[in-house]
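Observations on the model geometry
Residue strings, one per chain:
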Amino acid sequence: MTRFVIKKLYQSIITIFIATLLIFVVIRLMGDPSVVYVPQTAEPEAKQEFITRMGLDKPVAEQFVMYIVGLLHGDLGESFSTKGPVSELIGSRLPNTLKLAGATMFFAILLAFIEGLLSVIYRNKFLDKILMLFYSVGQSTPMFLLMIVAIHIFSVKLGVLPASGMEGISSYILPVGISSILLSTILAPILRASMLDSLKCDYVKMARLKGVGEKTIVVKHCLINSIPPMLSMISVMFASQLTGTLIVESIFAWPGIGFLAYQSIMQRDFPAIQGLVIVMTAMVIIVNIVADLIQAAIDPRIRL
Amino acid sequence: MKKIKFKRSLLALILTTVLAVSFVGCGSKTESKNSVSSNKSENSKETKGETGDVPSDDDTVVIAITGFNTEDLSPISTDFFTKDNVVHPLFDSLLDIDEDRNIVPEIAESYEVNKDYTQITFVIRDGVKFHDGSDVTAEDVKYSIERYAKDDCAWGSSLRVLFDKVEIEGDNKVTVSFKSSEPQIVQYFTAHYNTLGVVLPKDYIEKVGEEEFRKHPIGTGPYKFLESESGSSITFEAVEDHWRLVPEFKFLKILEVADGSTRLSMLRGGQVDLIQASFDDLDSLESDSNIHLLDIKGERMSGIYFQGTWKDTGEATQNVKVREAIDYAINRQEIADEFFSGYAKPEKYWKVSDAGENWDPSWKATEYNPEKAKELLKEAGYPDAFEKPTIRFYTQPERAYQIKLTELVASYLQAVGLQVEIIQHDTATLENLLLVQDLTDEAYGAMGLQTSPVLTSDGILSRSQYNFYATDGSETLNHTDKEIDEWYKKGRASLDVNERNEYDNKILHRINDENKLFLGLNYIDTIWAASSKVGDWDAYNKPGSFALTYSSITKADK
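Residues numbered from 1 in each chain as written. Chains lettered and ligands numbered in written order. Predicted model: local features only at pLDDT ≥ 70, side-chain atom pairs only at ≥ 80, totals over all residues. Heavy atoms only, no water.

1. Comments concerning the overall build of chain A
Rules: Helix and strand assignments come from DSSP, with helices taken as H or I runs of at least 4 residues and strands as E runs of at least 2, each series counted from the N terminus. In this analysis, two residues are considered to be in contact whenever any of their non-hydrogen atoms come within 4.5 Å of each other.
In terms of regular secondary structure, chain A is built from 13 helices and 0 strands. Counting helices and strands in the order they occur from the N terminus, chain A gives α-α-α-α-α-α-α-α-α-α-α-α-α. Pairs at least 24 apart in sequence give 74% of the contacts found in chain A among residues at least 6 apart.

Take a look at the structure:
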């Protein structure tokens, strides 16, 4: 276990360093940020003053070293846009994304288990066929389209749910509901396939011979053994939810880090972009580590 | 066995932690708010105004806009143009502009300019207060102007070049001195031309610091800051004893909603009261009995510019006949009637309003004449005479209709035989590419379409416009016409209005009519869609700015 932790820590530091370096260089290829922050009609000296004040006139290598030194002191820099600490800016938005992603994944997993179990218990019957069709439709439907239609139906026509914002539980229903339903259509077939494989195993045959009921076999034996393959997909999905919520956040005006990333890119807010990449990389790493630990906890054959 | 038990316990712990983190504070507001004061009771999460009132539906007007652009609410660090409408409710200025484009006193009850335009003296009005109840004094005005003149205030750079000193005389007279004549000295302190007239609270800023002021600003406007949620909303409360205007809505809430269809749904669903309408949605909005439209006339202008035309790199637009052909090929009236549904009119000159004193009524927009366009192209030898006959036509997606308008204009050009390639970039990329002195190969011969605020025709001689029109301006069109520089020099040095207007017109005609570097397309109205709660809105086009003032939104008659 200790070796696992040390190894993961070492890998994490390397990953974050490489991601930081890459984004540091790439965003400086986007062009001069002073066109956003210095009015077009300002004197030429104003532009130079901005560049000097933000340290952008120094060589990129020197800027990077200064940034890393700041990072080691816990300083993510000052946002060009808010003029405040990047850590504060991200800190104000990150919980919103965590709530959205967490709720979405919770319901996606719950729905996936329900759909998957029903698919297996009633395999090859009418319900299974309906669910398979549901999975196909869900996987091929663009999420943003469904969201816009849902807003039109529930917010405009019926007036029962808010179209945007984060005021109260009702504001979670549309973004979380639609995202989790669509995600479940990806998870459920994986669970179904894994459980169907488990049903062919010798221990299942033994259980049947012992007279154990089919539903008990499915739930008690197959389901547990089908979780590890699902877990890999869940960790990828969760990481993707944490880092890729731009569309949901834009449509529902959800003030999270996904939309903040988009705004920061459009506004050439270099420090904010860098800070976001570091935070998102760290979140993905944490999710993967947690997934590994859960895998090891569930499957005694896995040694960390 | 112990190992398995440990692993299962670890699993339980990890799952519990993950679920707890995911749902922490679910249903409660995030701790991202900045409030002027702790106006929430311990058991209540409701926002309360400083008077103790909770914003009710009747008392609150909710506006959804595309974005705040910045979360910095201080006039020191960013300018009003960048912030669009968000900051205007908070701050009044020394001078303002009325509907007839006259400069009128605001915080200054009067002003006087000396004969050689090197000094302006303001008499500060009695009874103007900051939102914390303190009086606006001459000291605050002096402090503000000196602050804007400092190096780190990008918006104050035009002031910094000329600024000499500020002196106080008596209790309420402030004299600002410039190092040299500036005939447009008044505009420096007029809202919408500039932010430099916004009066800052000296004592408050010295007490709390500028960083705190950015988050919790106080000003002199009809609305005061109540709270903001990062990336989400800003709420204001009306100043009940404001000297100039007491808003009818006690609370103003501005929401940041990036997606246009969501804003529309929110208006239809009753979540918001006012949104800027897209021209595509006008028909459906007009047929909705719960919504009415407010038309802000001629609030912005669309135009075309050509870059890198003075160097011959084989580009089609480097020939003036091709540019002239483009001018004739565009059907401006059809664009106004069909594309903008009648909420636009053809314009002659981009960025120049027909409402300025210097405007000549005989200046009419170029008539649509595709045959003339084809003739000009033939004279120019297009396409064979050009190494690169395909014209790169740049546009930006920031304004919803801009891309469609570009496509429409491109279709007019293609109809007369021009080869056009449309390229989209965001504003910052475009400005880095096209509006700089050191052009790359891609920029030479490029054509761009932009929408901008309106200037008066006598605004061309301003320092800010120099950057576009002069050969050494920072946003230059990279032309090499030194005569234009001479006219600028003479025009800006002159203290005679007629002489200035003469140079103004010379520059205008040279750039637009002779060299066709700018082509005006349309003056465009801005249409706002309002719920039945909202009455009239006394908003009008203010030159040089997209900003409108929300303070004058009225309630509908019951």
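Still more ground to cover, so stick around.
2. Brief notes about the overall build of chain B
Put simply, the test is: The buried label applies to any residue whose accessible area, calculated with a 1.4 Å probe on protein chains only, is under 20% of its type's maximum; exposed applies above 50%, and partly exposed to all values in between. We get accessible surface area from the Shrake-Rupley algorithm with a probe of 1.4 Å; when it comes to residues, only the shown protein chains can shield them.
Along chain B, the regular secondary structure elements total 16 helices and 20 strands. When the 558 residues of chain B are sorted by exposure, 58% land in the buried category. Long-range contacts, defined here as pairs at least 24 residues apart, represent 70% of the contacts in chain B between residues at least 6 apart. Carbon and sulfur atoms form 46% of the exposed surface of chain B, whose accessible area is close to 22,600 Å².

3. Examining the confidence of the model for chain B
All names here are of chain B. What counts here: Each residue carries a pLDDT value, the predictor's own confidence for that position, ranging from 0 to 100.
In this model, chain B carries a mean pLDDT of 83, and residues with pLDDT of at least 70 account for 83%. Here residues 20–45 is modelled with pLDDT under 50, and outside its nearest four sequence neighbours on either side it reaches 48 contacts, counting other chains as well. Among the scores for the predicted complex, ipTM is 0.84 and pTM is 0.85.

4. Things to note about the pattern of salt bridges
All names here are of chain A. Here is the rule we go by: One speaks of a salt bridge when a side-chain nitrogen belonging to Lys or Arg is within 4 Å of a carboxyl oxygen belonging to Asp or Glu.
Throughout the structure, instances matching the rule amount to 36 salt bridges over all chains. R53 is paired through a salt bridge with E49; the nearest N and O atoms lie 3.0 Å apart. Within this pair, R53 and its partner E49 are both found in helix α3 (residues 44–53), separated by 4 residues, close to a single helical turn. Since its relative accessible area comes to 36%, R53 is described here as partly exposed. By relative accessible area, which is 18% here, E49 ends up buried.

5. Points about the domain arrangement of chain A
Interface extent is often summarised as the accessible area lost during association of the parts. Residue and element names in this part refer to chain A. Note the cut-off: Residue ranges assigned to each domain were obtained from an automatic or database domain assignment. Buried area is understood as the total, over both parts, of accessible area removed when two parts are fitted together, assessed with a 1.4 Å probe. In the analysis that follows, any N or O atom pair within 3.5 Å is treated as a polar contact, provided that within protein one partner can donate a hydrogen and the other can accept it, and provided that, for residues neighboring in sequence, both atoms belong to side chains. Three residue categories are used. Nonpolar comprises Ala, Val, Leu, Ile, Met, Phe, Trp, Tyr, Cys and Pro, charged comprises Asp, Glu, Lys and Arg, and polar comprises the others, including Gly.
Structurally, chain A comprises domain 1 (2–72) and domain 2 (98–298). The C-alpha-based centres of domain 1 and domain 2 are spaced at 34 Å. Facing 19 residues of domain 1, the contacting portion of domain 2 comprises 17 residues. A buried area of about 1,600 Å², summed over both sides, lies between domain 1 and domain 2, and 75% of it is on carbon and sulfur atoms. Linking domain 1 to domain 2 there are 1 salt bridge. Here K8 ties to D292 by a salt bridge, and the two come within 3.2 Å at their closest N and O atoms. At the surface where domain 1 touches domain 2, the tally comes to 2 residue pairs in polar contact (both at pLDDT 80 or more). Of all the secondary-structure elements, those providing two or more residues to the side of domain 1 that touches domain 2 are α1 (2–28), α2 (34–37) and α4 (60–72). With 11 residues, the single largest contributor to the side of domain 1 that touches domain 2 is α1. Looking at the side of domain 1 that touches domain 2 residue by residue, the classes come out as 13 nonpolar, 4 polar and 2 charged.

6. Observations concerning the state of the cysteines
Spelled out, the test is: The criterion for a disulfide is a pair of cysteine sulfur atoms lying within 2.5 Å.
Evaluation of the coordinates by the stated rule reveals 0 disulfides over all chains. C222 of chain A carries a free sulfur, and the closest cysteine sulfur to it, the one in C201 of chain A, is 7.5 Å from it.

7. Things to note about a nonpolar patch on the surface
Residue and element names in this part refer to chain A. For the record, the criterion: Patch definition: residues above 30% relative accessible area lacking any salt bridge, with like charges linked at up to 9 Å and the nonpolar side chains Val, Leu, Ile, Met, Phe, Trp and Tyr linked at up to 5 Å.
A contiguous nonpolar surface patch, about 940 Å² in accessible area, is contributed by Y10, I14, F17, I18, L21, L22, V25, V26, L29 and V60. Of all the elements, α1 adds the most residues to the nonpolar patch, at 8 residues. Looking at the secondary structure, you find F17 in helix α1. According to the relative accessible area criterion, F17 is partly exposed, its value standing at 40%.

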